[in-house]
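Given next are the chains, with one letter for each unit.
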Amino acid sequence: MGKFRGWHIVAGFAAMLLTAALGTAMGLNNTAAFMASCVAFVAVSKGMESHLARRRREAAARLPGQSQGDSARTLDADNSERDGRA
C-alpha cells in the first residue's frame, strides 16, 4: 500500500460513482441519485478508514523492540500534526 494515506477517500469516491450510476439506471432523479451517492461515500470511506486504522494498530503491536507509542509514531508519520504537537 505504500505511504499513500488516502485509500479511504479513493474507496468512497468509487462507491459514490457506482451509486450514482446505479441510481440513474434505476430512474432516480438527479437529486436523489446525488444524495444516495453522498451517503455511500461517507459510509464506505468511514468504514475503510476504520479498517485501515485497525490494521495499522495491529501491525504496530507486532513490531518487536518498540513500545506501543514508538511503533504507532513510526507507522503514522503525520500523527504529531494531528495531535497538535510540533
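Everything that follows concerns the structure shown earlier in this document.
Let us look at the structure shown here. (Residues numbered from 1 in each chain as written. Predicted model: local features only at pLDDT ≥ 70, side-chain atom pairs only at ≥ 80, totals over all residues. Heavy atoms only, no water.)

## Here we look at the overall build of the protein chain
Within the protein chain, the secondary structure is distributed over 4 helices and 0 strands. Going from the N terminus to the C terminus, the protein chain shows its helices and strands as α-α-α-α. Sorting the 86 residues of the protein chain into buried and exposed places 17% on the buried side. Sequence separation of at least 24 residues holds for 46% of the intrachain contacts in the protein chain that already meet a minimum separation of 6. Total accessible area on the protein chain stands at roughly 6,300 Å², and carbon and sulfur atoms take up 63% of it. (Helix = DSSP H or I, 4+ residues; strand = E, 2+ residues; numbered from the N terminus. Buried < 20%, exposed > 50% of the residue type's maximum accessible area, 1.4 Å probe, protein only. Contact = heavy atoms within 4.5 Å. Areas by Shrake-Rupley, 256 points an atom, 1.4 Å probe, with all protein chains shown as cover.)

## A word on a nonpolar patch on the surface
Nonpolar side chains collect at one region of the surface, where Phe-4, Trp-7 and Val-10 lie side by side and expose about 270 Å² of accessible area between them. Counting through the fold element by element, Phe-4 comes out in the segment before helix H1 (7-25). Phe-4 sits in the partly exposed class, given a relative accessible area of 44%. (Patch = residues over 30% accessible without salt bridge, like charges linked within 9 Å, V, L, I, M, F, W, Y side chains within 5 Å. Salt bridge = Lys/Arg side-chain N within 4 Å of Asp/Glu carboxyl O.)

## Topic: the environment of Leu-28
Note on placement: Leu-28 falls in the loop between H1 and helix H2 (30-62). What Leu-28 contacts, discounting residues up to four positions off in sequence, is Gly-23 and Ala-33.

## Things to note about the packing of H1 against H2
At a minimum axis distance of 7 Å, the contact between H1 and H2 shows a crossing angle of 150°. Judged by the inter-axis angle, H1 sits roughly antiparallel to H2. The handedness of the crossing between H1 and H2 comes out as right-handed. Along its contact with H1, which presents Trp-7, His-8, Ile-9, Ala-11, Gly-12, Phe-13, Ala-15, Met-16, Thr-19, Ala-20, Gly-23 and Thr-24, the element H2 presents Ala-33, Phe-34, Ala-36, Ser-37, Cys-38, Ala-40, Phe-41, Val-44, Ser-45, Met-48, Glu-49 and Leu-52. Taken together, the residues that form the contact of H1 with H2 break down as 16 nonpolar, 7 polar and 1 charged. (Axes fitted to C-alpha atoms, helices over the stretch in contact; angles between N-to-C directions. Parallel < 35°, antiparallel > 145°, perpendicular 65-115°, else oblique. Left-handed = near helix turned anticlockwise from the far one by under 90°. Nonpolar A, V, L, I, M, F, W, Y, C, P; charged D, E, K, R; others polar.)

Without other data, these values stay purely geometric and don't point to any function.
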